[in-house]
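Given next are the chains, with one letter for each unit.
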Protein chains: 2
Amino acid sequence: MTANGTQSAESPFYDIVIVGAGPVGLMLSTCLARWGYRIKHIDNRSEPTSTGRADGIQPRSLDLLRNMGLKARLMAHQPARVYEVAFWNPDTSGKDIVRTGTWASCPKFVDARYPFTTLLHQGYIERAFIDDLEKHCVQIQRPWTITDFKSDEKDNPAYPVYVELKHVDGTATETVRSKYLFGGEGARSFVRQHLRIGMRHVDPIEHVWGVMDGVVKTDFPDIKMKCTIHSQYGSIMVIPREQNMVRLYIQIASSNESDWDPKKTATQEQVQDSAKKILNPYSIEWERVEWYSVYPIGQGISDRYSLDQRVFLGGDACHTHSPKAGQGMNTAFLDALNLAWKIHVVEGGFARRDILKTYESERKGVAEDLLDFDNRYAKLFSQRSPAVNEIEAASSEVSSDRECKKEDEFIQVFKESCEFTSGYGVAYGPNEVNWSQSHQAKSSLLHPQGTILRTGYIFINSDVTRVVDANVVHLEQEIPLNGSFRIFIFAGNPFSTKTALQDLADGLSSEGSFYGSYIRSDIDAVSHHERHNPHSLFFTLCTIFAAKRTQIEISRDVPGLLARYRDHVYTDDRWDWRVPNVRASAHAKMGFNEERGAIAVVRPDGHVGAVVGLAKGSGTINALNEYFSAFCTKKLAVVST
Amino acid sequence: MTANGTQSAESPFYDIVIVGAGPVGLMLSTCLARWGYRIKHIDNRSEPTSTGRADGIQPRSLDLLRNMGLKARLMAHQPARVYEVAFWNPDTSGKDIVRTGTWASCPKFVDARYPFTTLLHQGYIERAFIDDLEKHCVQIQRPWTITDFKSDEKDNPAYPVYVELKHVDGTATETVRSKYLFGGEGARSFVRQHLRIGMRHVDPIEHVWGVMDGVVKTDFPDIKMKCTIHSQYGSIMVIPREQNMVRLYIQIASSNESDWDPKKTATQEQVQDSAKKILNPYSIEWERVEWYSVYPIGQGISDRYSLDQRVFLGGDACHTHSPKAGQGMNTAFLDALNLAWKIHVVEGGFARRDILKTYESERKGVAEDLLDFDNRYAKLFSQRSPAVNEIEAASSEVSSDRECKKEDEFIQVFKESCEFTSGYGVAYGPNEVNWSQSHQAKSSLLHPQGTILRTGYIFINSDVTRVVDANVVHLEQEIPLNGSFRIFIFAGNPFSTKTALQDLADGLSSEGSFYGSYIRSDIDAVSHHERHNPHSLFFTLCTIFAAKRTQIEISRDVPGLLARYRDHVYTDDRWDWRVPNVRASAHAKMGFNEERGAIAVVRPDGHVGAVVGLAKGSGTINALNEYFSAFCTKKLAVVST
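Structure report, in brief. Quick caveat, the model's predicted, so the values are computed rather than measured. In every chain, residue numbers begin from 1 and rise along the written sequence. Chain A is the first chain written and ligand 1 is the first ligand written, with later ones labelled in order. Local features are withheld for residues below a pLDDT of 70 in this predicted model, meaning they are given only at 70 or higher, and side-chain atom pairs are given and counted only at 80 or more; totals for whole chains, interfaces and linings count all residues. In computing side-chain values, all of the structure's heavy atoms are included and hydrogens and water are not.

1. Looking at the relation of the copies chain B and chain A
No. 1: When the copies are superposed, the least-squares fit draws on C-alpha atoms of residues that have pLDDT of at least 70 in both. Rotating chain B by 180° and translating it 0.0 Å along the rotation axis places it on chain A, where the RMSD comes to 0.0 Å. Here the copies are linked by what is in effect a two-fold axis. Across chain B, the rotation axis passes nearest the C-alpha of Ala-72 of chain B, at a separation of 3.4 Å.
No. 2: In what follows, a contact means two residues having at least one pair of non-hydrogen atoms within 4.5 Å. Both copies share a contact surface, since 100% of the interface residues of chain B are interface residues in chain A too.

So, in structure tokens, the structure goes:
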């Protein structure tokens, strides 16, 4: 998986060269380093971010950071948590501002573990990744930059990418060969420009923003909330920060104004004066300014994310956002995650190289959805403000009510906005990895009736009890970010599914199955303490019974192959307020029958790939084989029923 | 508060000399260091604990560690979490063991935030404290020991304790003067022996225990749970640990056996052989033994915890426990906490010196209750095993059902056991700080009808919404461990209590009140960011309305003095499954009327001191003044109604 044994530590051969150590580069690097890849990672800054920049972590990103074991480290800095957003507008006199409403930033209908946005300085976030990388012997090489590259599979099929690097002061250069190159160097990406890939500006309006981080003294009551403030003196966005800090965004110029000048700027004092006027009748004084910056930005998307599936772009290098949306870092994380596991399954020999094409189709699709949505949202709100009862109606519903109510356009857009800003709305369209209900599969077991899980969306959260130690756990967090497909076998009633479960285990064990075909080469040396990958690096299996913990005896009720994952056997016996009247809440939340169960195949990034019924005989293993056949490297057997 | 300004950093004058850097000494030292005291802390070991020793953190101790900001640091080591205890006994043939039951280690009727025991090596726990001490410039002086001391207020009223210390290798000595001396050096305490204080062995039976930490390979299904195993080959206790480790306790000898020999021992191999036999039909093999020790222990309590309120004992120096109870470290933490805040309020000039006498009466009382309970528990279980339905009945009830059901003796003892082992059962009897319902107070507002909070017990957990930032928070954790009394003003319906709240604020502001009499001397220099102690070092005030967050405007609804604690204004608008049908769950859990509210006066250690009704006029401030008059240094005013 790493460069072959003949290459020493100083060898110029790498699995990947990563340019840029912001959120996107660091996420990619951290995933691949943990999974054993050899990485050259450079950044043209001498130090990690010390002040300013991105700082908003969405609920879904926090799930991801927790899944990587990095959340506690970030929370130790005591970030601000935004639970609500307040809207302030001119009062009837037009002179003062008044609060016209507050909304939950992640209302209950979004089933989030952490229903808030976490605000923390980007430098702390970068540090957490950098320290993790150092544990895996990856050092960011600073300040270095990329000067040239080319990619040619014919020239060198094993290491088709040739990259030239140099120290920013010009004192040193380096030439390396690599399997992949990743450009995560921000909006002015050298890699993108070198590939002559254009940026398309979806929203034709450009803006100049001023952003200021500092400590203030104010009697404005919502200084610890996220606020959007409009007044006759201008508009401002308030975002609370850790350590009594606050961030203010002020729009300095906009291309739809008559005197538009993209080079228009404002001094720190001018912005402070504007803020004072806008906040009237409240006072605001600065004790300290930590960071101040003015920058023009348009919303844009790169035309391509890759030309040859060897050189890739991600993060700001291929999409830029208004700071208002708070999307930059979160979208960057998910770009990197999406690419990381696909490189892993290709380089590990499990998936065909074509799967890498889904990086662009999935991530570019999401970026387009996001910008498209931003425009619709802005348009709707320019027409009128939402009524209080509309906000309440939209906020109070839970997702299971989704289809039951007739909704007006405002409520629909509001809900979409919450799904987007929480990160839970990210959805990948149908393709070879995401098999929707309408997928032309041979198997009739695909997507059983009643299924609530949506392919392409994130796996739904649920609480279950781990059988071996009776710990109450978050099922969606039980498998760490290990690059493996997560196969959640909801086994229903153990008496009803006994045969089906044994047939499944037999099918998995067979040599021609997707599971039996990709067994670890070092399987005989695997420790009995290995919890997640005892047999294969590409799959982790969980079994969840709709039973009480005391009813399950692993040695009796769980077939041997599944029992080997003894830390991944659970009972679905926790009460959940979203489905208060059911016996097996996790089954119910997925839409699975609590007698018969079903299987959720979840991609390594946590998105649902397929849902398959759990049936006696060979139907289930055949359906799973059919699914994985769509992108795996080997021909899998079809087992006759 | 610290030694006066004339003394340099090398001055031999200290606020306290602490001997022993185990859990009790470290907790005491950490509290006092944070509150600004000058500490000499020695330990006769060269290094902190590296292997073995105590490792069980009770739910209530975890609350405390969280309140100190140390919990995340400990959880980062991924400790084992014990949610259930399994009981194994001989099967009918007598040859093999079978599981005869499992119990929740902290059932639902105990209202715990963390309903599990956390198992983590004592060395990690010590390290968290030591690092915190270093931030406050306290270094443990190692390996040093105490050789002599005397305490004489006449000789030196300011620093009455004279202490001689020496390096354990005899190369250096030091003589210091101090206000207090604390002996936390374990069961063979020099301080205790020097004071000629005896140990009383409540349980006349002594035991020799073998304890082994290691990594095993086994098919015993409950190896990740806490287990009590009895077989014809002997008894064993299994406790899971972090990093795949397990701890086994084996009773090697007992003084109620005919061949009792307190010096009986067993080799590591003998203990392993015993374990193999006891676990039959399951196999067990050791991959690694990290620690093995054999030690005799009896349950004992020191006759006194202090003779003169200058020299104190705590932790194992004054009570020893069977390792089965898992009480050692937790009791030590609470000893230290109890003493720390009392020293703080005395040395800070708020409380009369007599309050220090309650350290012994409270903590010795708890130690006696605990040992008494252990004996009753053991006796009951020696008669018969509990029936499954009894366990279920005992486990499933919530505390509000407490008085409603007729319970058999077993259920009662089981519940008591859960309260003790969770730490939530620790209750201090009535005294000048704990005013029970039957306290002979003048005020009729004391302990209003319906109150569920019990004085002497820990404040009940509840979720509320913080008004300034809409964060959902744990109310009981909102005030950090700052040595202050925590005054929770449950303000009911803001329309109903408007006058009462204003009258209370006026009363607090008056110079002769408990609050107005103890204002910080540096009040004019206090930052507007100060959240917890803006006016006084001895009080933090929280105001909780039975309202929705959006209904409260702090500047309009909260009197100025209370509004100064703007981060401590909350709304009681969160749903709680324990009181599902009420509008204001936190009020309901305390037993407070949601219209009228009431005030909970909580001691700095989190135990409830008094409950006072919230009424118009001067009744409430008079009742509070009456309470604090019982132990504060100044004469407080009585305000006429």
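2. Topic: the interface of chain B and chain A
No. 1: Facing the 27 residues of chain B at the interface are 27 residues of chain A.
No. 2: Where chain B abuts chain A, roughly 2600 Å² becomes buried across the two surfaces, and 44% of that area is made up of carbon and sulfur atoms.
No. 3: Note on definitions: buried area is the accessible-area loss of two parts on being combined, 1.4 Å probe, summed for both. Together, Tyr-83, Lys-224 and His-529 of chain B form the three largest contributors to the area buried by chain B at its contact with chain A, with a combined 20%.
No. 4: By definition, a salt bridge exists where a carboxyl oxygen of Asp or Glu is found within 4 Å of a side-chain nitrogen of Lys or Arg. Linking chain B to chain A there are six salt bridges.
No. 5: Its salt-bridge partner being Lys-224 of chain A, residue Asp-567 of chain B comes within 2.9 Å of it at the nearest N-O pair.
No. 6: Under the rule applied, a polar contact is a pair of N or O atoms within 3.5 Å (in protein, one hydrogen donor and one hydrogen acceptor; residues adjacent in sequence only if both atoms are side-chain atoms). At the boundary of chain B with chain A, the tally comes to 14 residue pairs in polar contact (both at pLDDT 80 or more).
No. 7: Each helix corresponds to a stretch of at least 4 residues labelled H or I by DSSP, and each strand to a stretch of at least 2 residues labelled E; elements are numbered beginning at the N terminus. Among the secondary structure elements, those contributing two or more residues to the side of chain B that touches chain A are strand S6 (97-104) and strand S12 (207-218) of chain B.
No. 8: The element best represented in the side of chain B that touches chain A is S12 of chain B, accounting for three residues.
No. 9: Polar here means any residue outside two lists: the nonpolar Ala, Val, Leu, Ile, Met, Phe, Trp, Tyr, Cys and Pro, and the charged Asp, Glu, Lys and Arg; Gly therefore counts as polar. Counted by class, the side of chain B that touches chain A contains nine nonpolar, six polar and 12 charged residues.

3. Remarks on the sheet that holds strand S19 (residues 319-320) of chain B
Residue and element names in this part refer to chain B.
No. 1: A pair of strands counts as paired when DSSP detects no fewer than two bridges linking them. Strands sit in the order S11-S17-S19 across an open sheet of three strands; the sheet is antiparallel. Each having just a single partner strand, strand S11 (199-201) and S19 make up the two edges of the open sheet.
No. 2: Inspection of the sheet shows S11 paired to strand S17 (residues 300-302) by three bridges, in the antiparallel sense. Pairing of Arg-200 across the sheet is with Ile-301, part of S17.

4. So, the packing of helix H1 (residues 23-34) of chain B against helix H4 (residues 122-135) of chain B
All names here are of chain B.
No. 1: Taken N-terminus to C-terminus, the directions of H1 and H4 make an angle of 20°; their axes are 9 Å apart at the nearest point. As judged from the angle between their axes, H1 and H4 are roughly parallel. Here the hand of the crossing between H1 and H4 comes out left-handed. When H1 is examined against H4, the residues Pro-23, Leu-26, Met-27, Ser-29, Thr-30, Ala-33 and Arg-34 are found in contact with a partner set consisting of Gln-122, Glu-126, Phe-129, Ile-130, Asp-132 and Leu-133.
No. 2: A per-class count over the contact of H1 with H4 returns seven nonpolar, three polar and three charged. An axis is simply a line fitted to the C-alpha atoms; with a helix, the fit covers only the stretch in contact. Between two such axes, the angle follows the N-to-C directions and lies from 0 to 180 degrees. Each angle receives one of four descriptions, namely roughly parallel if under 35 degrees, roughly antiparallel if over 145, roughly perpendicular if within 65 to 115, and oblique otherwise. In a left-handed crossing the near helix is turned counterclockwise from the far helix by less than a right angle, and in a right-handed crossing that turn is clockwise.

5. Some points on helix H2 (residues 59-67) of chain B
All names here are of chain B.
No. 1: Burial classification: accessible surface area is computed with a 1.4 Å probe over protein chains only, and a residue below 20% of its type maximum counts as buried, one above 50% as exposed, and the rest as partly exposed. Taking burial as the measure, the nine residues of H2 include eight buried ones, the bulk of the element.
No. 2: Taken as a whole, H2 has its buried residues at Pro-59, Arg-60, Ser-61, Leu-62, Asp-63, Leu-64, Leu-65 and Asn-67.
No. 3: With its phi angle positive at about 75°, Gly-69 sits one or two positions after the end of H2.

6. What to know about the packing of H1 of chain B against helix H7 (residues 328-347) of chain B
All names here are of chain B.
No. 1: Interaxial distance between H1 and H7 falls to 8 Å at its minimum, and their mutual angle equals 30°. Regarding the angle of H1 to H7, the classification is roughly parallel. For the element pair H1 and H7, the recorded crossing hand is right-handed. Note on element contacts: H7 touches H1 through Met-329, Ala-332, Phe-333, Asp-335, Ala-336, Leu-337, Leu-339, Ala-340 and Ile-343, opposite Pro-23, Val-24, Met-27, Leu-28, Cys-31 and Leu-32.

7. Side note on the pairing of strand S20 (residues 463-466) of chain B
As a general feature of sheets, a regular strand has side chains that alternate between the two faces.
Residues and elements named next belong to chain B.
No. 1: Note that S20 and strand S21 (residues 472-474) share three bridges and pair antiparallel. Along S21, the bridge assignment pairs Val-464 with Val-473.
No. 2: Linking S20 back to S21 in an antiparallel pair, the connection comprises five residues, with Ala-470 at a positive phi of about 60°.
No. 3: When S20 meets strand S24 (residues 569-571), the two strands line up antiparallel, connected through two bridges. Across the sheet, Arg-466 pairs through a bridge with Tyr-570, a residue of S24.

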